[in-house]
Amino acid sequence: VLYPLDTLELDIEAVDQGAPPMSSFAKLFVSVQPVDEYNASFARLHYSAEVSENATVGQSVITLVATDQDRPPHLVNVQFDLQGTGSGIAFGINKLTGIVYVAGSLDHEIQDRYNFPAVLT
């Protein structure tokens, strides 16, 4: 995929109608600012994983994947977050890589399933 230049450089010449004609040159630099035309989106609508109740804190559970067509190379500045009950107690997420990891102790007898939304910012 090719991306447009973010800065344009133009050579400008001004010429009068005198005899002899006189001229002057200048350079014009135009910076093109990006516009957020596309929302970041997950590669899949739903993610599911299993983890043992004796998993250690910091153990990876699953990696979420997202893209944003506005931001080459499609992941610059996209950040992940988890929301909902249990997300901050039992699980965490690396905001830059999308890796969901065990953040606290897990006990199958107390809670055997966690459901929480992941969001992109």
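The present account deals with the structure reproduced in this document. (Residues numbered from 1 in each chain as written. Predicted model: local features only at pLDDT ≥ 70, side-chain atom pairs only at ≥ 80, totals over all residues. Heavy atoms only, no water.)

Of the regular secondary structure elements, the protein chain holds zero helices and nine strands. Across the protein chain, helices and strands are ordered from the amino to the carboxyl terminus as β-β-β-β-β-β-β-β-β. Looking at the protein chain residue by residue over its 121 residues, the buried ones come to 17%. Look at the contacts in the protein chain between residues 6 or more apart in sequence, and 51% of them connect residues 24 or more apart. (Helix = DSSP H or I, 4+ residues; strand = E, 2+ residues; numbered from the N terminus. Buried < 20%, exposed > 50% of the residue type's maximum accessible area, 1.4 Å probe, protein only. Contact = heavy atoms within 4.5 Å.)

A separate point is the environment of threonine 63. Assignment of secondary structure puts threonine 63 in strand E4 (residues 60-63). On the basis of relative accessibility, which here comes to 41%, the residue threonine 63 falls in the partly exposed class. Not counting residues within four places of it along the chain, the set of residues in contact with threonine 63 comprises Tyr47, Thr97, Gly98 and Ile99.

Here the focus is the layout of surface pockets. Gaps left between atoms are located by rolling a probe of water-molecule size over the structure's atoms. Its boundaries defined by the atoms lining it, the largest pocket holds a volume of some 860 Å³. Lining the largest pocket are 27 residues, with Tyr47, Ser48, Ala49, Tyr114 and Asn115 positioned closest to its centre. Across the lining of the largest pocket, the residue classes tally to 16 nonpolar, five polar and six charged. (1 Å grid on protein atoms, 1.4 Å probe; cavity = no way out; pocket = protein on both sides within 12 Å on 5 of 7 lines; lining within 4 Å. Points joined across faces, edges and corners; volume = space filled by probe spheres on them. Nonpolar A, V, L, I, M, F, W, Y, C, P; charged D, E, K, R; others polar.)

Quick look at the packing of aromatic side chains now. Geometry of an aromatic ring pair is reported as the spacing of the ring centres plus the angle between the planes. Applying the stated rule across the entire model yields four aromatic pairs. For the ring pair phenylalanine 42 and phenylalanine 80, a centre distance of 6.2 Å and an interplane angle of 50° mean the geometry is tilted. Here phenylalanine 42 is found in strand E3 (residues 41-42), whereas its partner phenylalanine 80 is found in strand E6 (residues 80-82), with 38 residues between them in sequence. Residue classification places phenylalanine 80 among the buried positions, given a relative accessible area of 4%. By the ring-pair criterion, three or more aromatic residues cluster together here, those being Phe42, Tyr47 and Phe80. (Phe/Tyr/Trp six-rings, centres within 6.5 Å; stacked < 30°, edge-to-face > 60°.)

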